[in-house]
Amino acid sequence: PGAPPARSPRRGLPGGGGAGARARGVVPPPAADTAAPVVSPQDPAYVIYTSGSTGRPKGVVVPHSAVATLLANTRPDMCFGPHDVWVQFHSFSFDFAVWELWGALAHGAELLVPDYALTRSPVDFHRLVRERGVTVLNQTPSAFHQFIEADLHAGEPLPALRRVIFGGEALDLGRLRGWVERHGTGSPELVNMYGITETTVHVTHRVLTDEDFARSTDISPIGGPIPGLATYLLDDRLRPVPPVRVGAIYVAGDQVSLGYLGRPGLTASRFVANPFAADGSRMYHTGDLARRTLDGELEFAGRADDQVQLKGFRVELGEVEGAIRGLAGVVDVAVTVADSGDHLVAHIVGEVPADLTALLSAKLPVHMVPGRVLPLDALPLTVNGKLDRKALTERAAAATREDGPTVPSGCQLASLIGIFAETLPGAAVDADTDFFGAGGDSIVAITLINRARALGLPIAPRDVFLLKTPRALAGHLATRTPRTAPT
């Protein structure tokens, strides 16, 4: 799409006419005989830029009709009205704010607009929600997890809050356990809404129930499309995949946006003809994956490009995060790939288990066990309330420059046991296993050393020949400084 058509001058601030107003940057009111601008439902309402996986910002052009359709089609299920109090938590550069702003105003509700600093203070924001009687709260899962912690320590009920709506990120049910144990799932109601900027904020709707948490927290249920939209799960030939199989999510309907501003090639590649419609309409290829249950519900399965390559393996970071999040003492976690590309970094909020690597080695392959653990007070968020993975990556890189590629000492023994087991297939390995007695030789020792170094354990060939066991090697590493280089 091209630029929006020219419009008549917009109205200025009340009482702001004259040359002085112009000097202050205030547009004066138009003359009484100036015709009001003519706006078509298909004219652009706004452009929001999204970085996407390529890093080059893309301007998504959304028409008035798409926003109006979103609000009209969600009204019956949500029962929004003038009795509600909303709060605009998100930046207006994030499309979740479109929902917050117009979701309130289009239904005659009260809209609170706190300053940015307050929204980034979980304690203060919780107090605002409580004292101002907020009834509808919209949150990314990352932001709501901090709200959960504030709620735990506040010890104050939220009697007015009737609905929490999640969006913007994949929802991990395991992160909601503490909240559900205190509040249940009915008061307030918890709603998971999957959506993307290109399809105007929300696509699907799913009310979470007690049964969801009783069954499993490893899934991310996103339900079904809101009225007026269609969702298709397709393979790479645009053929529907059978139930329970993972397919790419395509979205069709009146909420599909006009395309990317000034990028016709990219628009053509992502906004494609809908083969299931005879009216020549388009559908949007989201790049997300899902599976359809036998009941017809959708379960989010990640991004098609959300996997990383590590040591020749494809790794789903969410799987590693889920394994760590389930450990005692861990409040929250995010996993990134080190700059070197040869190991994972776990950024953990809460207590780091002393035997973290041993616990993870029982659940995950050795290449998915993080080689570095960095504790922190809270996960950083972007201005949109999403997890700031760039900040985490930079933090990990700084730690590597300062300390060298090390593994916490409490994890070294378990890491070495795992590496011994990996390089000595079929052998029964424990802390006192003799490498050579269990079948190792000088060639296998090279593999052992390379895998140990990839996890930040700087052992040398002579260490293996002299010390031989995981326990002895771990004791030797404990006496070395992080900056000691292997020889």
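Every chain begins its residue count from 1, and numbering advances along the sequence as written. The predicted origin of the model limits local features to residues at a pLDDT of at least 70 and limits the giving and counting of side-chain atom pairs to 80 or more, whereas totals for whole chains, interfaces and linings rest on all residues. Each side-chain value is derived from all of the structure's non-hydrogen atoms; neither hydrogens nor water enter the calculation.

1. Quick word on helix α14 (residues 442-454)
Every helix listed is a DSSP run of H or I at least four residues long, and every strand listed is a run of E at least two residues long, numbered separately from the N terminus. In this scheme, a helix's expected span is set at 1.5 Å multiplied by one less than its residue total. In this model, α14 (13 residues) spans 19 Å end to end at C-alpha, consistent with the 18 Å of a helix rising 1.5 Å per residue. Three labels apply to residues, based on accessible area from a 1.4 Å probe with only protein chains included: buried if under 20% of the type maximum, exposed if over 50%, partly exposed otherwise in between. Residues A445, L448, I449, A452 and A454 constitute the buried set of α14. Pairing of N or O atoms within 3.5 Å defines a polar contact, subject to two protein rules: one partner must be a possible hydrogen donor and the other a possible acceptor, and residues neighboring in sequence count only if both atoms are side-chain atoms. For α14, the N-terminal cap is D441; the gap from its side-chain oxygen to the backbone nitrogen of I443 is 3.0 Å. Directly beyond the C-terminal end of α14, a positive phi value near 85 degrees is found at G456.

2. Points about the sheet that holds strand β12 (residues 259-260)
Strand pairs in the sheet, formed through backbone hydrogen bonds, run parallel or antiparallel to each other. We call two strands paired when DSSP finds no fewer than two bridges between them. Here three strands make up an open sheet; going across it, the order is β1-β2-β12 and the pairing antiparallel. Every other strand in the sheet has two partners, leaving β1 (44-50) and β12 as the edge strands with one partner each. When strand β2 (residues 58-63) meets β12, the two strands line up antiparallel, connected through two bridges. For V60, the partnering residue across the bridge sits in β12 and is Y260.

3. Comments concerning the pattern of salt bridges
The term salt bridge refers to a side-chain nitrogen of Lys or Arg lying within 4 Å of a carboxyl oxygen of Asp or Glu. For the structure shown, the criterion picks out 14 salt bridges. One salt bridge connects R132 with E110, and the closest N-O pair in it is separated by 3.2 Å. Note that R132 is positioned in the loop between α5 (122-131) and β5 (136-139) and E110 in strand β4 (residues 110-112), a separation of 22 residues in sequence. Residue R132 is classed as partly exposed on the basis of its relative accessible area of 44%. The salt bridge involving R182 is made with D151; its shortest N-O contact spans 3.1 Å.

4. Some points on the environment of L112
Assignment of secondary structure puts L112 in strand β4. Sequence separation between L112 and V87 is 25 residues; the distance between their C-alpha atoms is 4.5 Å. Every residue pair with non-hydrogen atoms within 4.5 Å of one another is taken to be in contact. Discounting residues that sit within four places of it in the chain, L112 has contacts with V85, W86, V87, Q88, L128, R132 and V134.

5. What about the pairing of strand β15 (residues 298-303)?
Alignment of strand β9 (residues 221-225) against β15, held across two bridges, turns out to be antiparallel. Note that in β15 the partner of G223 across the bridge is L298. Note that strand β14 (residues 282-292) and β15 share four bridges and pair antiparallel. Opposite R292, over in β15, you have L298 as the bridge partner. Counted along the chain from β14 to the antiparallel partner β15, the turn is five residues long, and its residue G296 has a positive phi close to 90 degrees.

6. Some details on the sheet that holds strand β20 (residues 372-376)
Ordered by their spatial adjacency, three strands build an open sheet running β18-β19-β20, and the pairing between neighbours is mixed. Looking at strand neighbours, the two that pair on one side only are β18 (330-337) and β20, the edges of this open sheet. Adjacent strand axes in the sheet meet at a mean angle of 25 degrees when their direction is disregarded. Relative to strand β19 (residues 344-350), β18 runs antiparallel, the two sharing seven bridges. Residue pairing across strands places V330 opposite G350, the latter belonging to β19. The axes are straight lines fitted to the C-alpha atoms, using for helices just the contacting stretch, and the angles between their N-to-C directions are given from 0 to 180°.

In short, the description is geometric, and any link to function would need to be established separately.
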